[in-house]
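Chain by chain, the residues run as shown.
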Amino acid sequence: MKRFGFIRLSLVVAVLFSTNAIAQQNSREVIYIKSARFAISLIEKWASEYEKVNSQIEIKFAEGQSSDEDIDLSFITSINEEGAENENQIVSYTGRYALLPVTNAENPLLNELNRKRLNGKRLESLFFDNDILDEYSDSANKQKHDITIYSGTNTNSFAGAFASHFGYSAADIRGRKISGDDIFLINAIQKDNTGITFNNLSYIFDIDTRGLKNGLALIPLDIKKEQREILQEADIDKTIALLEKESISLIPVENIGFVYEENNVQAKRFLKWILSEGQKYNQEYGFLKAEETILSAQLKEIEDLLLTATY
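Residues numbered from 1 in each chain as written. Predicted model: local features only at pLDDT ≥ 70, side-chain atom pairs only at ≥ 80, totals over all residues. Heavy atoms only, no water.

Asker: Sorry if this is basic, but what is going on with helix α4 (residues 120-129) here?
Answerer: Counting along an α-helix, one turn takes 3.6 residues, and residues three or four places apart therefore face a common direction. Listing the buried residues of α4 in full gives Leu123, Ser125, Leu126, Phe127 and Phe128. On the buried face of α4, the contacting elements are β4 (89-104), β5 (148-152), α6 (159-165) and β7 (195-200). Two or three places before Lys121, at the opening of α4, Asn119 has a side-chain oxygen 3.2 Å from that residue's backbone nitrogen. (Buried < 20%, exposed > 50% of the residue type's maximum accessible area, 1.4 Å probe, protein only. Helix = DSSP H or I, 4+ residues; strand = E, 2+ residues; numbered from the N terminus. Contact = heavy atoms within 4.5 Å. Polar contact = N/O pair within 3.5 Å; in protein donor to acceptor, adjacent residues only side chain to side chain.)

So, in structure tokens, the structure goes:
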């Protein structure tokens, strides 16, 4: 009888504990985020770390059919500031991405590209004007090689940012267009040894090994020797450290962040955490920290908004 009573008591405690846990879970406030694919891993990291110190908050990615009213934070880049439609919406930048030109490691032109590195004129000719094959053909063997430029087409593609940086539009990029996420550009040049494209660091590099993904090679740029040597090491951490320290005209760097409603307190608290605590995770996932002046200004803006919201 005593044993039966103990078992029954244990079951009651277990049920009560389970019920309490479910009640706590159901009482958590949810923040819904709409994001571009290339930033999801970083945002997931921000979310998981924030939830550890804010147990009453759950952060979820909005499904494709979600209405704008259901979304608390909409991801944007500085080249595509969609979403800031009225005076009650605010933009906060929480990091940066960088774009580098990349090719297949077996590209027959790599030796010539290493010898005649891309300066501004050559880069523009390669991606926008003509294929400059005569300049990069193997003059010793009088052999002319093909080049296939790949670029994306959707609204979240890096094509707009890359083209705008050099004074062009995405439509001016020549070569083959690939629909879908820009990760498919990497897949394309891994299979095509004539392929050349541009992409962000988190797609070019392997986040686990911190080196270039298999079958890829960075296209050499005509930049300062010490900058070029760092890029030649093909190490994502050293590359990010360089780009956070120095501005290089041949490497586009753009802001990433979120649009949110001014009266959304939980969204503002999450953003405040990202700007103050979450920046240390940017590099791990292939992104630069937000620029210091922007970071400080936006952190103060959110703190002021939160202070106002308490009255």
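Asker: Sorry, what's going on with the confidence of the model for the protein here?
Answerer: Do not read the predicted coordinates in detail wherever pLDDT is low. Per-residue confidence for the protein gives a mean pLDDT of 87, with 81% of residues at or over 70. Taken as a whole, residues 9-25 scores under 50 in pLDDT and shows zero contacts with residues more than four places along the chain or in a different chain. For the stretch residues 139-143, pLDDT sits under 50, and the model shows two contacts to residues farther than four places along the chain or on other chains. (pLDDT = per-residue confidence, 0-100.)

Asker: Is there a simple way to explain the pairing of β5 in this structure?
Answerer: Regular strands place side chains that alternate from one sheet face to the opposite one. Across the five residues of β5, five count as buried, placing the element largely inside the fold. The side-chain alternation of β5 yields two buried faces, one formed by Thr148, Tyr150 and Gly152 and the other by Ile149 and Ser151. As for the winding sense of the linkage, the β-α-β connection from β5 through α6 to strand β6 (residues 176-178) is right-handed. (Right-handed = clockwise from strand over helix to strand, strands pointing away.)

Asker: Teacher, can you tell me more about the nonpolar core here?
Answerer: Soluble globular proteins tend to bury their nonpolar side chains together. Counting 81 residues, the largest nonpolar core has Phe38, Trp46, Leu73, Phe127, Leu201, Phe258 and Phe270 as the members making the most contacts within it. Setting aside anything within four residues of it in sequence, one finds Leu73 in contact with Ile31, Tyr32, Ile33, Lys34, Phe258, Val259, Tyr260, Ala267, Phe270 and Leu271. (Core = buried A, V, L, I, M, F, W, Y, C linked by side-chain atoms within 4.5 Å.)

Asker: It is not clear to me how the pattern of salt bridges should be interpreted in this structure. Could you clarify?
Answerer: Here the idea is simple: oppositely charged side chains can pair when their charged atoms come close. A complete count under the given rule lists six salt bridges for this structure. In this structure, the salt-bridge partner of Lys45 is Glu49, at a minimum N-O distance of 3.0 Å. Of this pair, Lys45 and Glu49 are both found in helix α2 (residues 40-53), four residues apart, which corresponds to roughly one turn of the helix. Taking the relative accessible area as the measure of exposure, Lys45 reaches 18% and is therefore buried. (Salt bridge = Lys/Arg side-chain N within 4 Å of Asp/Glu carboxyl O.)

Asker: Please clarify how the packing of aromatic side chains should be interpreted in this entry.
Answerer: Aromatic ring pairs are reported here in terms of the distance separating the ring centres and the angle at which the planes meet. Taken as a whole and judged by the stated rule, the model has 17 aromatic pairs. Relative to Tyr97, the ring of Phe38 lies with its centre 5.6 Å away and its plane at 75 degrees, an arrangement referred to as edge-to-face. In this pair, Phe38 is assigned in the loop between β1 (29-34) and α2 and Tyr97 in strand β4, connecting sequence segments 59 residues apart. As far as burial versus exposure is concerned, Phe38 and Tyr97 are alike and both buried. Ring geometry for Phe270 and Trp273: centres 6.5 Å apart, planes at 15 degrees, overall stacked. Separated by three residues within a single helix, Phe270 and Trp273 lie in helix α11 (residues 265-276), roughly one turn from each other. Take Phe270 and Trp273: they sit in the same class, and that class is buried. In this arrangement the basic side chain of Arg37 is found over the ring face of Phe184, its NZ or CZ atom lying 5.9 Å from the centre. (Phe/Tyr/Trp six-rings, centres within 6.5 Å; stacked < 30°, edge-to-face > 60°. Lys NZ or Arg CZ within 6 Å of the ring centre and 35° of its normal.)

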